[in-house]
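If you want the building blocks of each chain, they are given just below.
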Amino acid sequence: RRQSHFLRSSLQPHAMPKDTKKSVALWATALCVLLQVAAVSALINTYAVQRIAGTGAPGPTVYRGPAVDSPIDSFGMRAHPITGEVYFIDGSCAISKIDASGNLVVVSGDPTCGIGPIVDPPLGKKRGPPAAQEYTEIYAISFDGSGNLFVAEYGLPGPVWKLDFAMDTTTQIGTIDRVYQIAASPDGTKLYFSGTFTNKVFQRDVALGTDVEVYDGDFNTFVVSPDGAFLWGSKLGLTTVSRVEIATTTATIMVGSGASSPVGTPNGVSPGTAGIIPAFTSITFDRRGNLVIGSDNYIFYYEIAKDAFSLIAGNGATYVEATDLDYNGDSLGTPFSVFDVTASLVSDVIYVDFYDNVNDAGFFRSLTLDLPDAIIAVAPASLAEDSASVATFTVTRTIAHSFPITVNLALSGDAMIATDYTVSGATFASGVATVTIPADVATVTFTVDPSADTSYLESSETVIVTVTASAGVYVVGSPAVATLTITNVAQANGDPHMIGFQGQVYDFIGEAHKIYNVLSDPALQVNMQLYLQRTGEHSFVPGPVMQKLGFATMHHQIVIDCGGSLKDENGTVTIDGRQLAQDGSIVLPDDKVTIVRRSLNTNAKAVGLGGNDHVVGSAHFVMEGLFEFTVYFIENVGNPHRPDVVSDSKWHRRFLDFNSVLLDSERRPHGVLGQTAAPVSRERSLDEWTIEGADADYVLRDGLFGKKFTFNQFQ
């Protein structure tokens, strides 16, 4: 009967009388092979083989059981547009499907009827709901976008039915003389058909029952585009695919050069008309709106937007890019041919009706494209919270398909988004985000920028991003988790409390009006001068705080001063005696130093344990590749109970805090803070860490830029 399917189209109109048709139809009944080709891509050629239906031997079909345990005699197939299940013409008189559990189920007709004498028109059959419907000989089926199945019987004339499974109704929508193929429009309002005795394709208005010619040519196979505006089809005897604009009936060759060999066309060849196709059997659209072409022993793929044509599967070991459709390891040769193809519209799956036209037997395999692994990594894996750098998370798919995919991500960790860091390139909502990897691209990135905060004395925090599953799109690979550690930067705040470069927590009280070394390195000396905050003519806040910081480089001297105790004595930044303006910046190229000053609203940010201090400005000092300091101008306006209300007090408590980042992890400075850059041994926990020497060992005896102290390394 499959052979008659081809013979009918090759005969001249009216050249095949009824008895000839009968004898040809009874001449050969072949078994089919159902192949499942998943996630098709013009660039990918690695597949896994799986049998989904059929035993590979002749025999009666077994229903209500696994499809893999039963022979299948299929004469055309279509995938349900909503469920993705495969419906096929079962024998001659039934429609069956492979359900989601992999079982064979008859949905309409009687598969045991066989092909009897042809009666024109078919008579003596029950008509009713889909399950009760009887048929003489089903010749073509097609779904619309809502899941209604159109069924055309062979006859002169042959009835055409619309099966509404949701409503459990069957409606006749006219007849077709000797139907050859049908294709429903996505909206179900039009049915396109061709007959054995005509070279034309007609459009039937399903509601009115009227027919209009749309193409005066002999399409061996055709399908309606997803937008309903075009017919795509192959003309008998030619090795090309044409697109017919339904509104104008204009036909344009889109795929195929017209030659039938050699088939070894490179993948992704463009334009599509450069492709070489040996012979057509059927075509279909996949869910991405691209064309799948069944051809003899091959399956081709045409990406419409790219105008790119590829061989994705076929029987031809000499073609490096092809995958053998036999692919069963038994060296059976090439008697198996593609009879029909259909594609799921809910997943990247293509089903192929594959049969042996020589031995009248078949075997059943599926060809499933390997899904990519989705993995994630981050670099660097650790950043200081005050770092000028960002961490880059890279999401990778191990196979760069020719279509985009969306990767699901979950966010966790104890660092708080928007508070401890910001994200660029991805949007996380309620701990969940997605990123899209574009077509033909393997990776996509997004960045995490740690935020400098004033939550003093906190431990390191983590940002954890995990790839989560997406069935049928990718496999969660390894590594599936990327962790960024936001290290608490070295800090000095208050009177002054210290956090070291390795996380050591300690206090360095010192004495007011003395100068102590903070960090001493051959390239940089940082000293601090302490004082007491004034609250009245003769009253002070106990506990010395930082009044000034002196930065000495090889060629320059920088002073950051918190300001005086009176209302208008604001803080300053001076470089070699010249004051840097508010929101100003300067580059000192001889020492590779950049200094930026920023002003903030008085009420911009409350800091400290009681929240009664405010950051009113900052100065950012960077020595390229070595050290980074962010100095904060802290001010309390005189009302510790209502820091949001400006007091009329003439006394303003001011002091400095700072954060510091070690840009060169191999650097080993000294000083009250600098010595914490040295790694802490496992034998000695952070809790046991103590500062080297006594406070007096860090006192500078030669001024704010001095170097006369016990552990000096500068110059």
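Described in the following lines is the structure provided in the data block. Every value quoted in this text rests on a predicted model; they were computed, and no experiment measured them. (Residues numbered from 1 in each chain as written. Predicted model: local features only at pLDDT ≥ 70, side-chain atom pairs only at ≥ 80, totals over all residues. Heavy atoms only, no water.)

**Regarding the sheet that holds strand E11 (residues 179-184)**
Hydrogen bonds between backbone atoms are what pair the strands of a sheet, whose relative direction is either parallel or antiparallel. If you walk across this open sheet you meet the 4 strands as E11-E12-E13-E14, and the pairing is antiparallel. Of all strands in the sheet, those with a lone pairing partner are E11 and strand E14 (211-216), marking the two edges. Across the sheet, the mean angle from the axis of one strand to that of its neighbour is 25 degrees, orientation sign disregarded. (Pairing = 2+ DSSP bridges. Helix = DSSP H or I, 4+ residues; strand = E, 2+ residues; numbered from the N terminus. Axes fitted to C-alpha atoms, helices over the stretch in contact; angles between N-to-C directions.)

**Notes on unusual backbone geometry**
Following alanine 379, the chain continues to proline 380 via a peptide bond in cis, the omega torsion being -10 degrees. With an omega of 5 degrees, the peptide bond running from serine 478 to proline 479 counts as cis. In this fold, proline 479 is placed in the loop between strand E34 (475-476) and strand E35 (481-487). One non-glycine residue, aspartate 168, lies in the positive phi region at around 55 degrees. Along the chain, the position of aspartate 168 falls in the loop between strand E9 (158-164) and strand E10 (169-176). A positive phi angle is found at aspartate 583, which is not glycine, with a value near 60 degrees. Along the chain, aspartate 583 falls in the loop between strand E44 (578-579) and strand E45 (585-588). Aspartate 583 sits in the partly exposed class, given a relative accessible area of 44%. (Buried < 20%, exposed > 50% of the residue type's maximum accessible area, 1.4 Å probe, protein only.)

**Regarding the pairing of E14**
As defined by bridge partners, strand E13 (residues 200-205) adjoins E14 across 5 bridges and the pair is classed as antiparallel. Paired with lysine 200 across the bridge in E14 is aspartate 216. Connecting E13 to the next strand, E14, in antiparallel fashion are 5 residues, including glycine 209 with a positive phi near 80 degrees.

By themselves, these are just geometric observations and shouldn't be taken as functional.
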